[in-house]
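# Architecture at a glance
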Amino acid sequence: MSRILVTRSSMPTIEEYENEIKSLWDTHWLTNMGAKHKQFQAELEAMLGVPHVALYCNGHLALENIIEAMDLPEGGEVITTPFTFASTTHAVVRSGLRPVFCDIDQDNYTIDVNKIEALITDKTVAILPVHVYGNICDVEAIKSIADKHGLKVIYDAAHAFAVKYKGQSAGAFGDASMFSFHATKVFNTIEGGAVCFHDDALVQKLNDLKNFGIHGPEEVAYIGGNAKMNEFCAAMGICNLRHLDEEIAKRKDVVERYRSHFEGVPGIKLAPVQKDVEPNYAYFPVVFDKAVFGAGRDEVFNALAKNSIGARKYFYPLTNTFSCYKDVINADSTPAALDISLRVLTLPLYADLSADDVDRICETVLSCKL
Ligand SMILES: *Cc1c(COP(=O)(O)O)cnc(C)c1O
């Protein structure tokens, strides 16, 4: 029985990539905002319909840089969620800020907007919500809370590339949004990331932060780091962008096949279809109710593993239970997030996952039923 991995990176043909990188052998210009970087950035700005896109070597440093660029006061509190990848919480803490954990919505796993205001104190400086699995947060409610209290909003949109809400790209909301182009995401540049933002003043700041604060050959005006995207990654982005629609259409077929197997099965909860959202089919999370389904998440995970099928307990454990935060973090209770983290499994999903493989995965899951 062949092994099914939880994900598989999309790649152009080797000929297409080779063709894209050929000019690098003429110029020998491999990084530092070269021709590929410029072209890829312009293509993203056009596609996302946001005034500014800054490219990064990965999504995490993009997030750290945009937080730093906001000049938030040291020790300020950032309202965020623990149902996310380590990166979100780490970026807040590594920026000298304090994460304050808000619970998540039971249905779409994004921040529960009804619980944000109770967490706001005179130290609160920002809200950092996550478009988990590509599900769009309640951006309107978040905007009105942020406006009322004078808070910045930075979205972790790592999962939401190419998702649209009411016709606008996920990158259009808040003060800024971070996308990840990691190999495991819907769209990849091998490693990479980007920040989308509206404020012209952030262009120079982000340049400073990602390129040592260098303003000219003899002028270094800012104590910045290094987080630039190189030309090979930009070229990968240019190639993969050409096939994005096709990739998402194939993912949609996979998701629909999953749904046809699971829809209506008692004890299995599927991801919601969000109103006004054009999805990217980034993940296929399934939440198990053991008392009804007859098997819990861990039993299903083990059954899949026994059948050489990879799945991920994504997101488990919650970031506010990580051992590295044992003594640091307010242990605010996030019961909904905890409950989902113990019951959720994301099943294999990538463009070229075959219908037969989806059937085999579903049969294995359903064989766990009582
Ligand atoms: C992937 C991911 C990141 C980090 O992106 P990298 O490009 O891997 O650095 C941040 N947040 C979330 C929710 C992610 O899934």
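Residues numbered from 1 in each chain as written. Predicted model: local features only at pLDDT ≥ 70, side-chain atom pairs only at ≥ 80, totals over all residues. Heavy atoms only, no water.

Lining the immediate surroundings of the ligand are 16 residues, of which Gly59, Asp156, His159, Ser180 and Lys185 lie closest. Within the backbone of His60, an N or O atom sits 2.8 Å from an oxygen atom of the ligand. A distance of 2.8 Å separates a nitrogen atom of the ligand from a polar atom in the side chain of Asp156. Protein coverage of the free-state accessible area of the ligand, which is 380 Å², stands at 93%. Here the shell around the ligand is composed, by residue class, of four nonpolar, 10 polar and two charged. (Near = heavy atom within 4 Å. Polar contact = N/O pair within 3.5 Å; in protein donor to acceptor, adjacent residues only side chain to side chain. Areas by Shrake-Rupley, 256 points an atom, 1.4 Å probe, with all protein chains shown as cover. Nonpolar A, V, L, I, M, F, W, Y, C, P; charged D, E, K, R; others polar.)

What follows is about the sheet that holds strand 3 (residues 98–101). Across the sheet, seven strands lie side by side as 1-9-8-5-4-2-3; this open sheet has mixed pairing. The outermost strands of the open sheet, each flanked by one partner alone, are strand 1 (52–56) and strand 3. Averaged over all adjacent pairs, the angle separating strand axes in this sheet is 25°, with direction ignored. Note: strand 2 (residues 77–80) against strand 4 (residues 124–128), four bridges, orientation parallel. (Pairing = 2+ DSSP bridges. Helix = DSSP H or I, 4+ residues; strand = E, 2+ residues; numbered from the N terminus. Axes fitted to C-alpha atoms, helices over the stretch in contact; angles between N-to-C directions.)

The next subject is the pairing of strand 9 (residues 193–197). Burial analysis of strand 9 places five of its five residues in the buried class, the great majority of the element. Burial along strand 9 is two-sided: the face carrying Gly193, Val195 and Phe197 and the face carrying Ala194 and Cys196 are both buried. In this structure, strand 1 lies alongside strand 9, joined through five bridges in antiparallel fashion. Bridge assignment links His52 to a residue of strand 9, and that residue is Phe197. Sheet topology places strand 8 (residues 176–180) next to strand 9; five bridges connect them, and they run antiparallel. Counterpart to Ser177 in the pairing with strand 9 is Cys196. (Buried < 20%, exposed > 50% of the residue type's maximum accessible area, 1.4 Å probe, protein only.)

One frequently used descriptor of interface size is the decrease in accessible area upon assembly of the parts. In terms of domains, the chain is made up of domain 1 (14–102 + 110–242) and domain 2 (244–366). Contacts between domain 1 and domain 2 engage 35 residues on the former and 31 residues on the latter. Both faces considered, domain 1 and domain 2 share a buried interface measuring about 2,800 Å² in area, 61% of it formed by carbon and sulfur atoms. When the buried area of domain 1 at its contact with domain 2 is split by residue, Phe83, Tyr133 and Val186 rank highest and sum to 26% of it. At the boundary of domain 1 with domain 2, the tally comes to zero salt bridges. Where domain 1 meets domain 2, there are 12 residue pairs in polar contact (both at pLDDT 80 or more). (Domains from an automatic or database assignment. Contact = heavy atoms within 4.5 Å. Buried area = accessible area lost by both parts, 1.4 Å probe. Salt bridge = Lys/Arg side-chain N within 4 Å of Asp/Glu carboxyl O.)

The next subject is the packing of helix 1 (residues 14–21) against helix 8 (residues 231–242). Packing of helix 1 against helix 8 brings their axes to within 9 Å, and their N-to-C directions diverge by 130°. What the angle tells us is that helix 1 and helix 8 run oblique. Seen along the crossing, helix 1 lies across helix 8 with a hand that is right-handed. Mapping the contact onto sequence places Glu16, Tyr17, Glu20 and Ile21 in helix 1 and Phe232, Ala235, Met236, Ile238, Cys239 and Arg242 in helix 8. (Parallel < 35°, antiparallel > 145°, perpendicular 65-115°, else oblique. Left-handed = near helix turned anticlockwise from the far one by under 90°.)

Moving on to helix 5 (residues 86–94). For helix 5, the full list of buried residues reads Ala86, Ser87, Thr88, Thr89, Ala91 and Val92. Gly96 sits one or two residues past helix 5 and shows a positive phi near 80°.

So, on to a nonpolar patch on the surface. A contiguous nonpolar patch, built from Phe212, Ile214 and Val220 and spanning about 270 Å² of accessible area, is present on the exposed surface. Within the secondary structure, Val220 is located in strand 11 (residues 219–220). What makes Val220 exposed here is its relative accessible area of 57%. (Patch = residues over 30% accessible without salt bridge, like charges linked within 9 Å, V, L, I, M, F, W, Y side chains within 5 Å.)

One pass over the full model with this rule turns up 20 aromatic pairs. Here Tyr133 and Phe315 contribute two aromatic rings whose centre-to-centre distance is 6.2 Å and whose plane-to-plane angle is 15°, an arrangement assigned as stacked. Placement of the pair is Tyr133 in the loop between strand 4 and helix 6 (139–149) and Phe315 in the loop between helix 11 (297–306) and helix 12 (335–343), with a sequence separation of 182 residues. Note on Tyr133: relative accessible area 4%, which makes it buried. Following the ring pairs from residue to residue traces out a cluster consisting of Phe83, Tyr109, Tyr133, Tyr283, Tyr314 and Phe315. For Lys210, the ring lying beneath its charged end belongs to Tyr56, and the centroid distance is 5.1 Å. Here Arg297 stacks its cationic end above the ring of Tyr316, 4.9 Å away from the centre of that ring. (Phe/Tyr/Trp six-rings, centres within 6.5 Å; stacked < 30°, edge-to-face > 60°. Lys NZ or Arg CZ within 6 Å of the ring centre and 35° of its normal.)

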